[in-house]
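# Architecture at a glance
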Amino acid sequence: RLLEPAAGHGAFIIPLIPRLVRACRSRRRSWDALRPVIRAFEIDPVVAASLRRKCATELRRHGLAPDQAGRIVGSWIQTGDFLEKRITTRFSHIVGNPPYIRWDAVPELLRERYRERFSSFKQRADLYVAFIQKSLSLLKPTGQLGFLCPGNWTRNVYGGSVREALTSTGYLKSIIDFSD
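Residues numbered from 1 in each chain as written. Predicted model: local features only at pLDDT ≥ 70, side-chain atom pairs only at ≥ 80, totals over all residues. Heavy atoms only, no water.

## Details of the packing of aromatic side chains
Within the structure shown, the criterion is met by four aromatic pairs. Seen from their ring centres, Phe41 and Phe82 are 5.8 Å apart, and the 50° between their planes marks the pair as tilted. On the criterion of sequence distance, the pair formed by Phe41 in strand β2 (residues 38–42) and Phe82 in the loop between β3 (77–79) and β4 (91–96) is long-range, its members being 41 residues apart. Grouping residues by exposure puts Phe41 and Phe82 together as buried. Among the aromatic residues, those joined into a ring-pair cluster are Phe41, Phe82 and Phe131. (Phe/Tyr/Trp six-rings, centres within 6.5 Å; stacked < 30°, edge-to-face > 60°. Helix = DSSP H or I, 4+ residues; strand = E, 2+ residues; numbered from the N terminus. Buried < 20%, exposed > 50% of the residue type's maximum accessible area, 1.4 Å probe, protein only.)

## Re the pairing of β2
Along β2, four of the five residues are buried, which leaves the element largely enclosed by surrounding structure. Bridge count for strand β1 (residues 2–4) against β2 is three bridges, and the pairing is parallel. Looking at the pairing, Leu3 lines up with Arg39 of β2. Sheet topology note: the β2/β3 ladder contains three bridges and is parallel. Note that in β3 the partner of Phe41 across the bridge is Gln78. (Pairing = 2+ DSSP bridges.)

## Quick look at the side chain of Ser135
Relative to the helices and strands, Ser135 resides in helix α5 (residues 127–137). Judged by relative accessible area, which is 0%, Ser135 ranks as buried. When residues no more than four places from it in sequence are discounted, the contact partners of Ser135 are Pro5, Phe82, Ile94, Leu145 and Phe147. (Contact = heavy atoms within 4.5 Å.)

## Quick look at the nonpolar core
Formed by 27 residues in total, the largest nonpolar core has its most connected members in Phe82, Leu83, Tyr114 and Phe121. Counting residues per element, this core draws most heavily on α5, which supplies six residues. With near-sequence residues (within four places) excluded, Phe121 lies in contact with Trp103, Val106, Arg111, Tyr114, Arg115, Asp126, Leu127 and Ala130. If you look at the next biggest cluster of nonpolar residues, it comprises 22 residues, including Ala7, Trp31, Ala56 and Val73. (Core = buried A, V, L, I, M, F, W, Y, C linked by side-chain atoms within 4.5 Å.)

## Describing helix α6 (residues 160–168)
Those residues of α6 lying buried are Ser161, Val162 and Leu166. Looking straight down α6, one finds its buried side chains confined to an arc of 140°; they lie on one side. Against the buried residues of α6 lie α5. (Arc of directions from axis to C-beta.)

## Overview of the pairing of β4
Two faces belong to every sheet, and in a regular strand the side chains alternate between them. As paired elements, β1 and β4 share two bridges and run parallel to each other. Residue pairing in the sheet places Leu3 in a bridge with Ile94 of β4. Where β4 meets strand β5 (residues 139–147), five bridges bridge the pair, whose relative direction is parallel. Looking at β5, one finds that Val95 is bridged to Gly146.

Written out as structure tokens, the structure reads:
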């Protein structure tokens, strides 16, 4: 099970489709077996609709009927704010490029809700830190998280709760610094 909390235009999801279709064929599984494999959130309804179309087109390109592709994509991609969604499923893989939005650029009401919900969203934190915190809580015990994001959380006060989560309940495999 893969989660993409800020799906955007599908840079992580779309390249998986050929592989998922091949796996489904080789195991002689129903196309419906693909429905629970991916969960993606996109806050912008226009971008979410575009992503659904792209994914459905890719599934059809690999031999699925339009109605099958539509059902699968409908279960994969949800429109809404990942940080506001109540999610009970655990994921083996979480990937993404969460939004880099400064604390003071988040609307005040939303900022207050995030602050109540996420210990990492304090002081002048970037929104991506709350994405890391929530994503870590949704991983299966042997799950893996891979995010493209600034590394400020590794040295700023607001990243303390994420660093604590990684050292007390998680395992940090690597940080790759692209800053230079």
